[in-house]
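Single-letter residue listing:
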Amino acid sequence: MSFIPHLHLKTHTHIQKLTHTKIMDFLMVFLKLADWLVYQLLANSCYRAAMKVKNHGFFLLRNHPSHKTPHHQPPLFPNFIKCSLNKDQQTLVCDIQNTLLLNSRSFFPYFMLVAFEGGSILRAFLLLLSYPLLLVLDYESGLRLMIFITFCGLKLKDMSNVGRAVLPKFFLENLNLQVYELFASSRSYGIKILIFTRVPRVMVEGFCKEYLSVDDVIGTELHSFRGYFSGFVTSSGVLQKHKAVKEWFGSERKADIGIGSCSLHDQLLISQCKEGYVVSKEDNIRSARTIMPRERYPKPLVFHDGRLAFLPTPLASLCMFLWFPLGVLLAIIRLCVGIYLPYHMSRIVGGFTGVNISIEGCDYSWENKNKQTGVLFVCTHRTLLDPVFLTMTIGKPLTAVTYSLSKMSEMISPIKTVRLTRDRKQDGETMHELLSEGDLVVCPEGTTCREPYLLRFSSLFAELTDEIVPVAMNTHVTMFYGTTASGLKCLDPIYFLMNPRPSYHVRVLGKLNKELTCRAGGKSSHDVANYIQKKLADALGFECTNLTRKDKYLMLAGNQGIVEDHGKSKKVTS
């Protein structure tokens, strides 16, 4: 019986050996799998990065004086300023990136605009977090990653709004003046202009056709499903410009003129054309000769939307996200100062928090001595805070009339606000009654405008009283706009006060002479309104327009500023 324990011990040892062998085999397989994953995820990216460094070093070495050839080699294509146009030429092709737009080697800032304005702050933050990875990836992989983060789950409607109301401002501010002049000359010769670009077509097509009168835009197409972007490109992939040009013109035709940058992809593009020209690196940076001045814009930029007041480059975006929590806290403090402190004190304390208020002409010569009726202050309309800052300026309570105000803005307002109905007779009676009680503030433009333009003034105010004081108001922000046409209007004051150094300029003009009013002077209400509009525009250096609130909302939001609320029309303005 002694062999039984021995057999049991032998069997147990054998089982241990088998178990140990299986564990070792599993570990070997796991290590091989891990090794493969590390190679796939890191090695390829590191290899690409190393190649970039190597190529960069090669070009530096090649350009070193000791390695230059005795004879300077001319560029493959001449500079675009040497392009000579004639009536025999029919087509011109170019790219918007690195050619039409200055400093646009990376399209990251424009993807950030779409992510922030069309998506959300979380989407924009995720895009910023991906930037280090974008530095390692090649262009096409990086472009696909930006497209996925920016567009995945984004509504087609939201992208359309951003393309119409947000992006054109930043495109115009970075438009290459010299290249645009060539475009304008091409138009005079009847030359057809085509844009071929690797960036998503939906981001640039609206601007190119609306502001540059481009005939067609061919770019990377994005996949969508039931009104939402999937975040992927279509089966055709990222656009290869030289192939797209060849396909568009066919094998027997060529574009007459091609303009591109010094990059390889652009060189391939313009090589498909009869004549090729390049925009040098010196011609693609911001300088006095390349920046498009406002007066030279293809179309006046009167309206635009969105919260961001700066071009969100990676560094600027990082600063914005670092500032955001502090900005929210600072906005709350500034709100409390304006609500709870006396007017004169709130102006002083607000200055210590960074709010800059400049005042001109507040000599109180406009005060009504007979006190039978109040004074009507007629203001330009920059933000919802216009009446509040005017109240702080003159140091006495005013009543503000507005066509629409969010519940939140009403609750936090330190002054009395009264809603109007847009019924001329009823609104006239309301304002007349308020004037009998005290001084009143009205913004006859009916909605805000950010740019140096004044919208058409409603003439209703001129019929109510002869005690009229025009007030020129203007604002300046560096990070966030305090107005919106399509966003949450209740956040307008918060965003304005989140700026590091928001500024308000208040200029109280003299009281309108009696001979220029309706009752004492016999003027028509339209003449009085137009005169005051012109006077305020001159004081601010602005330009008068005949545009109205309806024009603003049709352009920025695609509606007339009317939203349906349980079967009733509710007008929304800012």
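Residues numbered from 1 in each chain as written. Predicted model: local features only at pLDDT ≥ 70, side-chain atom pairs only at ≥ 80, totals over all residues. Heavy atoms only, no water.

1. Side note on a nonpolar patch on the surface
A contiguous nonpolar surface patch, about 290 Å² in accessible area, is contributed by Phe125, Leu126 and Leu129. Looking at the element boundaries, Leu126 is found in helix α4 (residues 121–129). Looking at Leu126, the relative accessible area reads 47%, which means it is partly exposed. (Patch = residues over 30% accessible without salt bridge, like charges linked within 9 Å, V, L, I, M, F, W, Y side chains within 5 Å. Areas by Shrake-Rupley, 256 points an atom, 1.4 Å probe, with all protein chains shown as cover. Salt bridge = Lys/Arg side-chain N within 4 Å of Asp/Glu carboxyl O. Helix = DSSP H or I, 4+ residues; strand = E, 2+ residues; numbered from the N terminus. Buried < 20%, exposed > 50% of the residue type's maximum accessible area, 1.4 Å probe, protein only.)

2. Observations regarding the sheet that holds strand β15 (residues 503–508)
With respect to topology, seven strands assemble into an open sheet ordered β8-β15-β14-β9-β12-β10-β11, the strand pairing being mixed. The open sheet is flanked by β8 (356–360) and β11 (416–419), the only strands paired with a single partner. Neighbour-to-neighbour, the strand axes of this sheet turn through a mean angle of 25 degrees, independent of strand direction. The sheet contact formed by strand β9 (residues 376–379) and strand β14 (residues 468–476) spans four bridges and is parallel. Residue Phe377 lies in a different strand from β14, and its bridge partner there is Val469. (Pairing = 2+ DSSP bridges. Axes fitted to C-alpha atoms, helices over the stretch in contact; angles between N-to-C directions.)

3. Thoughts on the pairing of strand β5 (residues 228–233)
Relative to β5, strand β4 (residues 222–225) is paired through three bridges, and the arrangement is antiparallel. Looking across to β5, one finds that Ser224 is bridged to Phe229. Where β4 folds back on β5, the antiparallel hairpin that results is connected by two residues, among which Arg226 adopts a positive phi of roughly 55 degrees.

4. Comments concerning the packing of helix α3 (residues 108–119) against helix α6 (residues 139–151)
The contact between α3 and α6 brings their axes to 9 Å, and the two run at 15 degrees. In terms of axis orientation, α3 runs roughly parallel to α6. When the axes of α3 and α6 are compared, the crossing they make is right-handed. Judged by residue contacts, Phe108, Phe111, Val114 and Ala115 of α3 engage Leu143, Met146, Ile147, Thr150 and Phe151 from α6. (Parallel < 35°, antiparallel > 145°, perpendicular 65-115°, else oblique. Left-handed = near helix turned anticlockwise from the far one by under 90°. Contact = heavy atoms within 4.5 Å.)

5. Points about the confidence of the model for the protein chain
Across the protein chain, the average pLDDT comes to 85, with 83% of residues at or above 70. Under a pLDDT of 50 for its full length, residues 1–11 has, in the predicted model, zero contacts with residues more than four places off or in other chains. Confidence over residues 563–574 falls short of pLDDT 50; this stretch has 35 contacts with residues more than four positions distant or in other chains. (pLDDT = per-residue confidence, 0-100.)

6. Section: the environment of Thr517
Tracing the backbone through its elements, the reader meets Thr517 in the loop between β15 and α19 (525–540). Residue class for Thr517 comes out buried when judged on its relative accessible area of 0%. Taking C-alpha positions, Thr517 is 8.7 Å from Glu467, a pair spaced 50 residues apart along the chain. Look past the residues within four positions of Thr517 in its chain and what remains in contact with it is Asp466, Leu512, Gly522, Lys523 and Val528.

7. Let's talk about the packing of aromatic side chains
Per the stated rule, a full pass over the model turns up 17 aromatic pairs. Between Phe207 and Tyr211, the ring centres sit 5.5 Å apart and the planes meet at 25 degrees, which makes this aromatic pair stacked. One end of the pair, Phe207, and the other, Tyr211, are both in helix α10 (residues 201–211), four residues apart, so they sit about a helical turn from each other. Judged by relative accessible area, Tyr211 falls into the buried class, the value being 7%. On the basis of an interplanar angle of 70 degrees and a centroid distance of 5.5 Å, the ring pair of Phe496 and Tyr504 is categorised as edge-to-face. We note that Phe496, like Tyr504, is buried. Three or more aromatic residues link up through ring pairs in this structure, and these residues are Phe107, Tyr110, Phe111, Phe151, Phe171, Phe207, Tyr211 and Phe229. (Phe/Tyr/Trp six-rings, centres within 6.5 Å; stacked < 30°, edge-to-face > 60°.)

8. Some thoughts on the side chain of Asn79
Secondary-structure assignment places Asn79 in the loop between α1 (3–63) and β1 (91–94). Here Asn79 falls in the buried class, since its relative accessible area comes to 18%. A distance of 3.1 Å separates a polar side-chain atom of Asn79 from the backbone nitrogen of Ile81. Dropping the residues within four chain positions of it, Asn79 is found in contact with Tyr277, Val278, Ser280 and Asp283. (Polar contact = N/O pair within 3.5 Å; in protein donor to acceptor, adjacent residues only side chain to side chain.)

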